[in-house]
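# Residue-level structure breakdown
Listed here are the chains, written in short residue letters.
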Amino acid sequence: MELRIFTEPQQGASYDTLLAVAKATEDLGFDAFFRSDHYLAMGDADGLPGPTDAWITLAGLARETKRIRLGTLVTAATFRLPGPLAIQVAQVDQMSGGRVELGLGTGWFADEHTAYGIPYPDDKFARFEEQLAIVTGLWGTPQGETFSFDGKHFQLADSPALPKPVQQPVPVLIGGLGATRTPRLAAEYATEFNIPFASVEDSAQQFDRVRAAAKERGRGDDLVYSNALVACVGANDAEVARRAAVIGRAVDELKANGLAGSPAEVVEKIGRYREIGASRVYLQILDLADLDHLALIAEQVLPQV
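Everything numeric here is computed off the predicted structure, so don't read it as measured data.

### So, the overall build of the protein chain
Along the protein chain, the regular secondary structure elements total 11 helices and 12 strands. In terms of overall dimensions, the protein chain is globule-like: its C-alpha atoms have a radius of gyration of 19 Å, near the 19 Å expected for 305 residues. Its C-alpha atoms give the protein chain principal-axis dimensions of roughly 60 × 45 × 35 Å. Within the protein chain, buried positions represent 53% of all 305 residues. Long-range contacts, defined as pairs at least 24 residues apart, comprise 73% of the intrachain contacts of the protein chain with a sequence gap of at least 6.

Right, here's the structure in full:
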(Lines give C-alpha, C1' and ligand atoms only; values in the text may rest on other atoms or scores of the structure.)
Protein backbone atom coordinates (compact mmCIF):
# COMPACT_ATOMS: atom_id res chain seq x y z
CA MET A 1 0.00 0.00 0.00
CA GLU A 2 1.42 3.39 -1.00
CA LEU A 3 0.96 6.31 1.39
CA ARG A 4 0.90 9.80 -0.07
CA ILE A 5 0.77 13.15 1.70
CA PHE A 6 -2.14 15.40 0.74
CA THR A 7 -2.32 19.05 1.83
CA GLU A 8 -5.03 21.74 1.83
CA PRO A 9 -3.06 25.00 1.43
CA GLN A 10 -6.16 27.17 0.99
CA GLN A 11 -6.68 26.78 4.76
CA GLY A 12 -3.48 28.74 5.32
CA ALA A 13 0.01 27.92 4.04
CA SER A 14 2.85 29.77 2.36
CA TYR A 15 5.05 28.23 -0.32
CA ASP A 16 7.83 27.84 2.26
CA THR A 17 5.48 25.83 4.50
CA LEU A 18 4.54 23.58 1.60
CA LEU A 19 8.19 23.17 0.67
CA ALA A 20 9.00 22.03 4.21
CA VAL A 21 6.19 19.46 4.09
CA ALA A 22 7.24 18.26 0.63
CA LYS A 23 10.86 17.82 1.73
CA ALA A 24 9.73 15.92 4.83
CA THR A 25 7.51 13.78 2.58
CA GLU A 26 10.54 12.89 0.49
CA ASP A 27 12.98 12.41 3.36
CA LEU A 28 10.60 10.21 5.36
CA GLY A 29 9.93 7.78 2.53
CA PHE A 30 6.39 8.65 1.47
CA ASP A 31 5.50 8.16 -2.18
CA ALA A 32 4.13 11.56 -3.17
CA PHE A 33 3.16 15.09 -2.23
CA PHE A 34 -0.24 16.25 -3.46
CA ARG A 35 -2.16 19.43 -2.83
CA SER A 36 -5.69 20.66 -3.33
CA ASP A 37 -6.48 23.30 -5.95
CA HIS A 38 -8.54 25.97 -4.21
CA TYR A 39 -8.36 29.74 -3.91
CA LEU A 40 -10.54 30.31 -0.85
CA ALA A 41 -10.40 29.00 2.71
CA MET A 42 -13.27 26.88 3.98
CA GLY A 43 -14.95 26.88 7.39
CA ASP A 44 -13.46 29.05 10.12
CA ALA A 45 -9.92 29.21 8.73
CA ASP A 46 -8.58 32.66 7.86
CA GLY A 47 -6.49 31.28 5.00
CA LEU A 48 -3.51 33.50 5.81
CA PRO A 49 -1.19 34.42 4.19
CA GLY A 50 -3.53 33.81 1.24
CA PRO A 51 -4.01 31.27 -1.53
CA THR A 52 -1.18 29.71 -3.48
CA ASP A 53 -1.68 28.44 -7.00
CA ALA A 54 -1.43 24.67 -7.30
CA TRP A 55 0.60 24.46 -10.49
CA ILE A 56 2.96 27.30 -9.59
CA THR A 57 3.58 25.50 -6.30
CA LEU A 58 4.24 22.19 -8.04
CA ALA A 59 6.59 23.87 -10.51
CA GLY A 60 8.67 25.13 -7.60
CA LEU A 61 8.62 21.77 -5.85
CA ALA A 62 9.60 20.06 -9.09
CA ARG A 63 12.96 21.79 -8.88
CA GLU A 64 13.40 21.36 -5.12
CA THR A 65 12.64 17.64 -4.79
CA LYS A 66 14.16 14.64 -6.50
CA ARG A 67 12.09 11.49 -5.92
CA ILE A 68 8.49 12.04 -4.85
CA ARG A 69 5.56 12.22 -7.23
CA LEU A 70 3.78 15.59 -7.40
CA GLY A 71 0.15 16.26 -8.20
CA THR A 72 -3.25 17.77 -7.54
CA LEU A 73 -6.25 16.33 -5.76
CA VAL A 74 -7.82 17.82 -7.75
CA THR A 75 -7.45 20.69 -10.22
CA ALA A 76 -10.77 22.34 -11.00
CA ALA A 77 -11.63 22.28 -14.69
CA THR A 78 -13.32 25.66 -14.21
CA PHE A 79 -10.00 27.31 -13.27
CA ARG A 80 -8.08 26.81 -16.49
CA LEU A 81 -8.67 26.49 -20.20
CA PRO A 82 -7.74 22.99 -21.40
CA GLY A 83 -5.01 24.04 -23.83
CA PRO A 84 -3.05 26.15 -21.32
CA LEU A 85 -3.59 23.46 -18.67
CA ALA A 86 -2.01 20.84 -20.94
CA ILE A 87 0.97 23.18 -21.45
CA GLN A 88 1.33 23.87 -17.72
CA VAL A 89 1.24 20.23 -16.67
CA ALA A 90 3.59 19.14 -19.47
CA GLN A 91 6.06 21.84 -18.48
CA VAL A 92 5.99 20.89 -14.79
CA ASP A 93 6.43 17.25 -15.83
CA GLN A 94 9.57 18.29 -17.73
CA MET A 95 10.78 20.35 -14.76
CA SER A 96 10.37 17.36 -12.44
CA GLY A 97 11.93 14.79 -14.73
CA GLY A 98 8.61 13.00 -15.24
CA ARG A 99 7.10 12.96 -11.73
CA VAL A 100 3.80 14.78 -12.24
CA GLU A 101 0.24 13.47 -12.00
CA LEU A 102 -2.90 15.40 -12.92
CA GLY A 103 -5.97 15.05 -10.76
CA LEU A 104 -8.83 16.76 -12.56
CA GLY A 105 -12.38 17.44 -11.44
CA THR A 106 -15.37 19.56 -12.39
CA GLY A 107 -14.88 22.30 -9.78
CA TRP A 108 -17.55 22.71 -7.12
CA PHE A 109 -16.83 25.56 -4.68
CA ALA A 110 -18.92 28.43 -6.03
CA ASP A 111 -17.74 31.01 -3.48
CA GLU A 112 -14.10 30.88 -4.61
CA HIS A 113 -15.20 31.53 -8.17
CA THR A 114 -17.18 34.57 -7.09
CA ALA A 115 -14.32 35.82 -4.90
CA TYR A 116 -11.77 35.77 -7.73
CA GLY A 117 -13.91 36.46 -10.80
CA ILE A 118 -13.82 32.94 -12.21
CA PRO A 119 -16.89 31.95 -14.28
CA TYR A 120 -18.95 29.21 -12.65
CA PRO A 121 -20.92 27.56 -15.47
CA ASP A 122 -24.04 25.48 -14.98
CA ASP A 123 -22.86 22.68 -17.27
CA LYS A 124 -19.62 21.94 -15.44
CA PHE A 125 -19.62 18.20 -16.12
CA ALA A 126 -19.92 18.57 -19.88
CA ARG A 127 -17.05 21.06 -19.88
CA PHE A 128 -15.03 18.71 -17.68
CA GLU A 129 -15.53 15.86 -20.14
CA GLU A 130 -14.35 18.00 -23.06
CA GLN A 131 -11.38 19.17 -21.01
CA LEU A 132 -10.29 15.58 -20.39
CA ALA A 133 -10.55 14.80 -24.08
CA ILE A 134 -8.50 17.87 -25.04
CA VAL A 135 -5.74 17.58 -22.45
CA THR A 136 -5.14 13.89 -23.11
CA GLY A 137 -5.58 14.41 -26.84
CA LEU A 138 -2.92 17.13 -26.95
CA TRP A 139 -0.44 15.00 -25.02
CA GLY A 140 -1.16 11.93 -27.13
CA THR A 141 -0.76 13.62 -30.51
CA PRO A 142 2.52 12.48 -32.13
CA GLN A 143 5.12 15.19 -32.51
CA GLY A 144 4.89 16.74 -35.96
CA GLU A 145 1.14 16.19 -36.17
CA THR A 146 -1.65 18.55 -35.14
CA PHE A 147 -4.69 18.24 -32.89
CA SER A 148 -8.15 19.66 -33.53
CA PHE A 149 -11.29 19.47 -31.43
CA ASP A 150 -14.80 20.73 -32.17
CA GLY A 151 -16.87 20.56 -29.00
CA LYS A 152 -19.79 22.44 -27.58
CA HIS A 153 -17.63 24.35 -25.13
CA PHE A 154 -14.11 24.28 -26.60
CA GLN A 155 -12.75 24.37 -30.14
CA LEU A 156 -9.11 23.84 -31.14
CA ALA A 157 -7.86 24.07 -34.72
CA ASP A 158 -4.56 22.63 -35.91
CA SER A 159 -2.81 22.86 -32.55
CA PRO A 160 0.83 21.76 -32.67
CA ALA A 161 0.08 19.98 -29.39
CA LEU A 162 3.28 21.13 -27.74
CA PRO A 163 5.07 20.87 -25.39
CA LYS A 164 5.18 17.15 -24.74
CA PRO A 165 5.44 15.84 -21.18
CA VAL A 166 8.25 13.48 -20.25
CA GLN A 167 5.76 10.76 -19.31
CA GLN A 168 3.67 9.10 -21.97
CA PRO A 169 1.10 9.20 -20.68
CA VAL A 170 0.99 11.56 -17.70
CA PRO A 171 -1.09 9.75 -15.04
CA VAL A 172 -4.61 11.19 -14.86
CA LEU A 173 -6.63 10.87 -11.67
CA ILE A 174 -10.42 11.11 -11.61
CA GLY A 175 -12.53 10.67 -8.51
CA GLY A 176 -15.88 10.98 -6.83
CA LEU A 177 -19.02 9.08 -5.95
CA GLY A 178 -21.15 9.79 -9.01
CA ALA A 179 -22.87 6.56 -9.96
CA THR A 180 -22.92 6.77 -13.77
CA ARG A 181 -20.93 9.50 -15.51
CA THR A 182 -17.94 9.42 -13.17
CA PRO A 183 -17.23 5.68 -13.65
CA ARG A 184 -17.62 6.11 -17.41
CA LEU A 185 -15.07 8.94 -17.56
CA ALA A 186 -12.70 7.08 -15.28
CA ALA A 187 -12.86 4.04 -17.54
CA GLU A 188 -12.16 6.20 -20.60
CA TYR A 189 -9.49 8.60 -19.35
CA ALA A 190 -8.13 7.75 -15.91
CA THR A 191 -4.98 6.03 -14.77
CA GLU A 192 -6.23 6.17 -11.18
CA PHE A 193 -9.66 6.34 -9.57
CA ASN A 194 -9.87 8.08 -6.20
CA ILE A 195 -12.61 8.30 -3.60
CA PRO A 196 -12.29 11.17 -1.12
CA PHE A 197 -13.45 10.87 2.48
CA ALA A 198 -15.77 7.89 2.11
CA SER A 199 -16.41 4.78 4.18
CA VAL A 200 -15.08 1.36 3.29
CA GLU A 201 -18.60 0.30 2.31
CA ASP A 202 -19.28 3.28 0.03
CA SER A 203 -15.80 2.97 -1.49
CA ALA A 204 -16.34 -0.72 -2.27
CA GLN A 205 -19.61 0.03 -4.05
CA GLN A 206 -18.05 2.78 -6.17
CA PHE A 207 -14.94 0.75 -6.97
CA ASP A 208 -17.24 -1.98 -8.28
CA ARG A 209 -19.02 0.53 -10.53
CA VAL A 210 -15.71 1.71 -11.97
CA ARG A 211 -14.49 -1.86 -12.48
CA ALA A 212 -17.69 -2.64 -14.38
CA ALA A 213 -17.31 0.46 -16.55
CA ALA A 214 -13.66 -0.41 -17.26
CA LYS A 215 -14.59 -3.97 -18.19
CA GLU A 216 -17.34 -2.71 -20.48
CA ARG A 217 -14.77 -0.53 -22.21
CA GLY A 218 -12.45 -3.51 -22.63
CA ARG A 219 -9.82 -2.40 -20.15
CA GLY A 220 -7.86 -4.89 -18.07
CA ASP A 221 -6.85 -4.46 -14.45
CA ASP A 222 -4.64 -1.44 -15.09
CA LEU A 223 -6.61 1.13 -13.07
CA VAL A 224 -5.21 2.13 -9.68
CA TYR A 225 -7.86 2.50 -6.95
CA SER A 226 -7.22 4.87 -4.07
CA ASN A 227 -8.78 6.71 -1.14
CA ALA A 228 -8.16 10.08 0.47
CA LEU A 229 -8.70 10.22 4.24
CA VAL A 230 -7.91 12.71 6.98
CA ALA A 231 -5.07 11.53 9.21
CA CYS A 232 -4.72 12.12 12.95
CA VAL A 233 -2.25 9.67 14.47
CA GLY A 234 -0.72 9.75 17.94
CA ALA A 235 1.62 7.62 20.01
CA ASN A 236 -0.97 7.71 22.81
CA ASP A 237 -4.51 8.94 23.47
CA ALA A 238 -3.34 12.34 24.68
CA GLU A 239 -1.36 12.95 21.51
CA VAL A 240 -4.30 11.95 19.31
CA ALA A 241 -6.58 14.30 21.28
CA ARG A 242 -4.09 17.16 21.00
CA ARG A 243 -3.75 16.75 17.25
CA ALA A 244 -7.51 16.51 16.81
CA ALA A 245 -8.04 19.70 18.81
CA VAL A 246 -5.53 21.61 16.68
CA ILE A 247 -7.52 20.86 13.52
CA GLY A 248 -10.88 21.45 15.24
CA ARG A 249 -12.17 17.89 15.04
CA ALA A 250 -13.43 15.38 17.59
CA VAL A 251 -11.47 12.17 18.09
CA ASP A 252 -14.51 9.90 17.78
CA GLU A 253 -15.57 11.59 14.55
CA LEU A 254 -12.07 11.27 13.11
CA LYS A 255 -11.92 7.59 14.00
CA ALA A 256 -15.27 7.02 12.31
CA ASN A 257 -14.55 9.00 9.15
CA GLY A 258 -10.79 9.04 8.78
CA LEU A 259 -7.54 7.43 9.84
CA ALA A 260 -7.22 8.35 13.50
CA GLY A 261 -5.91 6.85 16.70
CA SER A 262 -2.81 4.84 17.47
CA PRO A 263 -0.54 3.57 14.69
CA ALA A 264 -2.00 0.10 15.20
CA GLU A 265 -5.57 1.39 14.78
CA VAL A 266 -4.63 3.23 11.61
CA VAL A 267 -2.80 0.23 10.15
CA GLU A 268 -5.89 -1.91 10.79
CA LYS A 269 -8.21 0.54 9.07
CA ILE A 270 -5.93 0.97 6.08
CA GLY A 271 -6.04 -2.81 5.78
CA ARG A 272 -9.81 -2.66 5.39
CA TYR A 273 -9.42 -0.35 2.38
CA ARG A 274 -6.77 -2.66 0.96
CA GLU A 275 -9.23 -5.55 1.15
CA ILE A 276 -11.66 -3.78 -1.22
CA GLY A 277 -8.92 -3.08 -3.77
CA ALA A 278 -7.31 0.22 -2.77
CA SER A 279 -3.56 0.21 -3.31
CA ARG A 280 -2.91 3.85 -2.46
CA VAL A 281 -4.05 6.16 0.34
CA TYR A 282 -3.74 9.94 0.42
CA LEU A 283 -3.27 11.11 4.00
CA GLN A 284 -4.94 14.50 4.37
CA ILE A 285 -2.63 16.44 6.71
CA LEU A 286 -4.34 19.55 8.05
CA ASP A 287 -1.72 20.83 10.52
CA LEU A 288 1.20 21.54 8.21
CA ALA A 289 3.41 22.79 11.04
CA ASP A 290 3.40 19.39 12.78
CA LEU A 291 6.16 17.56 10.95
CA ASP A 292 6.48 15.20 13.93
CA HIS A 293 3.10 13.84 12.85
CA LEU A 294 4.57 12.83 9.49
CA ALA A 295 7.58 11.30 11.20
CA LEU A 296 5.38 9.17 13.47
CA ILE A 297 3.36 7.89 10.51
CA ALA A 298 6.54 7.15 8.57
CA GLU A 299 8.09 5.26 11.47
CA GLN A 300 5.11 3.31 12.79
CA VAL A 301 2.49 3.08 10.03
CA LEU A 302 4.28 3.12 6.68
CA PRO A 303 6.42 -0.01 7.33
CA GLN A 304 3.32 -2.02 8.28
CA VAL A 305 1.16 -1.32 5.23
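### Considering the pairing of strand E12 (residues 280–285)
The buried fraction of E12 is high, at six of six residues. A two-sided burial pattern is seen for E12, the buried positions comprising Arg-280, Tyr-282 and Gln-284 on one face and Val-281, Leu-283 and Ile-285 on the other. For strand E1 (residues 2–7) and E12, the ladder comprises six bridges, and the chain directions are parallel. Each bridged residue has a counterpart across the sheet, and for Ile-5 the counterpart in E12 is Leu-283. Direction of pairing for strand E10 (residues 224–233) relative to E12: parallel, over a ladder of five bridges. In the sheet register, Ala-228 faces E12, and the bridge partner there is Tyr-282.

### Remarks on the packing of aromatic side chains
Taken as a whole and judged by the stated rule, the model has seven aromatic pairs. Ring centres of Phe-193 and Phe-207 lie 6.5 Å apart, and the angle between their planes is 80 degrees; this geometry places the pair in the edge-to-face category. Note that Phe-193 is positioned in strand E9 (residues 192–196) and Phe-207 in helix H7 (residues 200–216), a separation of 14 residues in sequence. For Phe-193, a relative accessible area of 0% gives the class buried.

### Describing the layout of surface pockets
It is a probe the size of a water molecule, rolled over the atoms, that shows where empty space is left. By volume, the largest pocket amounts to about 1100 Å³. Looking at the largest pocket, it is lined by 43 residues, and the ones nearest its centre are Glu-8, Gln-10, Met-42, Phe-197 and Gln-284. For the lining of the largest pocket, the elements supplying multiple residues, two or more each, are strand E4 (75–76), strand E5 (100–105), helix H5 (124–140), strand E8 (172–175), helix H6 (181–189), E9 and E12. The element contributing the most residues to the lining of the largest pocket is E8, with three residues. In this structure, the second largest pocket occupies an estimated 170 Å³ of space. Thr-136, Pro-169, Glu-188, Tyr-189 and Thr-191 are the residues nearest the centre of the second largest pocket, which is lined by 14 residues in total. If you list the elements that add at least two residues to the lining of the second largest pocket, you get H5 and H6. Across the lining of the second largest pocket, the residue classes tally to seven nonpolar, four polar and three charged.

### Overview of the nonpolar core
Leu-3, Trp-55, Trp-139, Leu-283, Ile-297 and Val-301 are the most contacted members of the largest nonpolar core, which has 78 residues in total. Among the elements that take part in this core, H5 stands out by supplying eight residues, more than any other. Here Ile-297 is in contact with Leu-3, Phe-30, Ala-231, Val-233, Leu-283, Ile-285, Leu-302 and Pro-303, once residues within four sequence places are set aside.

### Looking at helix H8 (residues 237–246)
Of all the positions in H8, only Val-240, Arg-243 and Ala-244 are classed as buried. Buried residues of H8 fall within an arc of 100 degrees about the axis and therefore sit on the same side. Summarising the geometry of H8, the exposed residues directed more than 90 degrees from the buried face are Ala-238, Ala-245 and Val-246. Following H8 by one or two positions, Gly-248 adopts a phi angle in the positive range, close to 70 degrees.

### Details of empty space enclosed by the protein
Taken as a whole and assessed by the stated rule, the structure comprises two cavities of 30 Å³ or more. Reported here for the largest cavity is a volume of approximately 70 Å³. Taken together, Ala-231, Cys-232, Arg-243, Ile-247, Gln-284, Ile-285, Leu-286, Asp-287, Asp-290 and His-293 make up the full set of residues lining the largest cavity. Put simply, the parts of the chain that give the lining of the largest cavity at least two residues each are E10 and E12. A breakdown of the residues in the lining of the largest cavity according to their chemical character gives five nonpolar, two polar and three charged. Put simply, the second largest cavity is a space of about 40 Å³. Its residues placed into classes, the lining of the second largest cavity shows three nonpolar, three polar and two charged.

### So, the pattern of salt bridges
Per the stated rule, a full pass over the model turns up 15 salt bridges. The closest approach of N and O atoms between Glu-2 and Arg-280, which form a salt bridge, is 2.8 Å. Placement of the pair is Glu-2 in strand E1 and Arg-280 in strand E12, with a sequence separation of 278 residues. The buried category is assigned to Arg-280, whose relative accessible area is 12%. Two residues, Lys-255 and Glu-265, come together in a salt bridge whose shortest N-O distance is 3.3 Å. Taken together, the residues Lys-255 in helix H9 (residues 251–257) and Glu-265 in helix H10 (residues 263–275) connect sequence positions 10 residues apart. For Lys-255, a relative accessible area of 32% gives the class partly exposed.

Analysis parameters
Residues numbered from 1 in each chain as written. Predicted model: local features only at pLDDT ≥ 70, side-chain atom pairs only at ≥ 80, totals over all residues. Heavy atoms only, no water. Helix = DSSP H or I, 4+ residues; strand = E, 2+ residues; numbered from the N terminus. Rg over C-alpha atoms; globule rule 2.2 N^0.38 Å. Buried < 20%, exposed > 50% of the residue type's maximum accessible area, 1.4 Å probe, protein only. Contact = heavy atoms within 4.5 Å. Pairing = 2+ DSSP bridges. Phe/Tyr/Trp six-rings, centres within 6.5 Å; stacked < 30°, edge-to-face > 60°. 1 Å grid on protein atoms, 1.4 Å probe; cavity = no way out; pocket = protein on both sides within 12 Å on 5 of 7 lines; lining within 4 Å. Points joined across faces, edges and corners; volume = space filled by probe spheres on them. Nonpolar A, V, L, I, M, F, W, Y, C, P; charged D, E, K, R; others polar. Core = buried A, V, L, I, M, F, W, Y, C linked by side-chain atoms within 4.5 Å. Arc of directions from axis to C-beta. Salt bridge = Lys/Arg side-chain N within 4 Å of Asp/Glu carboxyl O.

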